[in-house]
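Examining the three-dimensional arrangement
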Amino acid sequence: MRTLTYREALREGLDEELARDPNVVLLGEEIAQYNGAYKVTEGLWNKWGDKRVVDTPISEAGFIGMGIGASMLGVRPVMELMFWSFHSVAFDQLVSNAACVRYMSGGLCHCPIVVRGPANGGTGVGATHSHIPEGLFAAFPGLKVCSPATPADVKGLIKSAIRDNDPVYFMENTLLYGNTGEVPDPADGDFVIPLGVADLKREGKDISLIAHGRSVIHALAAAEILKAEHGIDADVLDLRSIRPLDVEAILRTVHKTHRVVLVDESKPFGGVSAMIATIIQEEAFDALDAPIRRVCSLDSPSIYSPHIENEQLPNPKRIVEKVLSMKFA
């Protein structure tokens, strides 16, 4: 094991896949000589050259469309969006094309692309640069969506995503790039985390906190406060993948604790947590001792002011307050 930042672990995963498969290429705006807007691809252009790490024009519709076409001919493009907020510029390509290629071709064509980049608020860049669209894309059959929270998870999942024959949309968080954590050493073998497998980040018995992305970090912090100050012991389940979704892990923690708070940085209307609440309601209603609760971003465009935006997003204080609003026997 080594300690790496989230950014370093992601870069290492990309580097290993470039080495493993000559069909893997990186595409995106300023990812080559400039090393990427967030320095995720730093050093990769120097190592792999122009044909494997490719700067694109500032046209998401153009390079996403190009990547989809290339993927149908055997290339495995990994495309960086500077912000996932720019998805709307390439929505037709991302949804109508990539998601439907295999189905519309009767399984004859695959679309092994990865589209990755930041999908988060909390950085004071305003409403047009702060969308969190994992629930949106998870709603379309044919697409897979990941939102890793830790350095180990981001490395293991990016490698699985690149090897997958379906489109995988990889939602990162700029506020996690500098976080550190233990990551297996490449000398110990090929480290890959399968898509669709959740991870129990903390064992508890009184309540389940179910989250993904940066919300996992908040849930873990809230769990420590709940234990230390209120004697409430929380399970913290990290979904890691939104689609495929590890329904078995969700139901397992619900049956163990009988109470649930869903923590989700996306908006509450039609979000990921709304889907999970429906699954729990339908599959584990009799296991619940209290109504399902949610902590989401407040239902408004992302607020520019950093102090107000911090309260708009999920945070440990809001999670603790939501848990304490529930009745415990």
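A brief structural summary. Everything quoted here is computed from the prediction, not taken from an experiment. (Residues numbered from 1 in each chain as written. Predicted model: local features only at pLDDT ≥ 70, side-chain atom pairs only at ≥ 80, totals over all residues. Heavy atoms only, no water.)

Let's talk about helix H7 (residues 151-163)
Defined as follows: Helix and strand labels come from DSSP, where a helix needs a run of H or I of at least four residues and a strand needs a run of E of at least two; each type is numbered from the N terminus. Multiplying one less than the number of residues by 1.5 Å gives the expected span of a helix. Exposure categories follow from relative accessible area, calculated using a 1.4 Å probe and restricted to protein chains: below 20% of the type maximum is buried, above 50% is exposed, and the middle band is partly exposed.
Helix length check: H7, at 13 residues, gives a terminal C-alpha distance of 19 Å against a target of 18 Å (1.5 Å per residue), a fit within 8%. With 12 of its 13 residues buried, H7 lies for the most part within the structure.

Remarks on empty space enclosed by the protein
This is how the line gets drawn: For cavity detection a 1 Å grid was placed over the protein atoms alone, and a set of points counts as a cavity when a 1.4 Å probe fits there but cannot get out; an open set counts as a pocket when protein lies on both sides within 12 Å along at least five of seven lines, with lining residues being those that have an atom within 4 Å of a point. Grid points are joined across faces, edges and corners, and a volume is the space filled by probe spheres set on the points. Just so you know the grouping, Ala, Val, Leu, Ile, Met, Phe, Trp, Tyr, Cys and Pro go in nonpolar, Asp, Glu, Lys and Arg go in charged, and all remaining residues, Gly too, go in polar. Note that the domain bounds reflect an automated or database-derived domain assignment.
For the coordinates displayed, the defined rule picks out three cavities of 30 Å³ or more. Reported here for the largest cavity is a volume of approximately 100 Å³. Residue lining of the largest cavity: 15 residues in total, with Ala119, Glu134, Ser147, Gly213 and Arg214 positioned closest to the centre. Split into classes, the residues belonging to the lining of the largest cavity amount to five nonpolar, six polar and four charged. Looking at the lining of the largest cavity, you find at least three residues from each of domain 1 (2-188) and domain 2 (199-324).

Remarks on the packing of helix H1 (residues 6-20) against H7
What counts is decided by this rule: Note on geometry: axes are C-alpha line fits, over the in-contact stretch for helices, and angles between N-to-C directions span 0 to 180 degrees. Each angle is binned into one of four classes, with values under 35 degrees roughly parallel, values over 145 roughly antiparallel, values of 65 to 115 roughly perpendicular, and all other values oblique. Take the far helix as your reference; a near helix turned counterclockwise from it by less than a right angle gives a left-handed crossing, and one turned clockwise gives a right-handed crossing. Residue contacts are counted whenever heavy atoms from the two residues lie within 4.5 Å of one another.
Running from amino to carboxyl end, H1 crosses H7 at an angle of 30°, the nearest separation of the two axes being 8 Å. As the angle between them shows, H1 and H7 are arranged roughly parallel. Remark: the crossing between H1 and H7 carries right-handed chirality. Residues Tyr6, Ala9, Leu10, Glu12, Gly13, Leu14, Glu16, Glu17 and Arg20 of H1 pack against Pro151, Val154, Lys155, Ile158, Lys159, Ile162 and Arg163 of H7. Broken down by class, the residue content of the contact of H1 with H7 amounts to eight nonpolar, one polar and seven charged.

Thoughts on the pattern of salt bridges
The condition that has to hold: When a carboxyl oxygen of Asp or Glu lies within 4 Å of a side-chain nitrogen of Lys or Arg, that pair is called a salt bridge.
A complete count under the given rule lists 27 salt bridges for this structure. Between arginine 102 and aspartate 166 there is a salt bridge whose closest N-O contact spans 3.2 Å. In this pair, arginine 102 sits in helix H5 (residues 101-104) while aspartate 166 sits in the loop between H7 and strand E7 (168-172), placing the two residues 64 residues apart along the sequence. Arginine 102 sits in the partly exposed class, given a relative accessible area of 35%.

Brief notes about unusual backbone geometry
At the junction of arginine 243 and proline 244, the peptide bond is cis and its omega measures out at 5° in the coordinates. For proline 244, the location among the structural elements is in the loop between strand E12 (241-243) and helix H9 (247-257).

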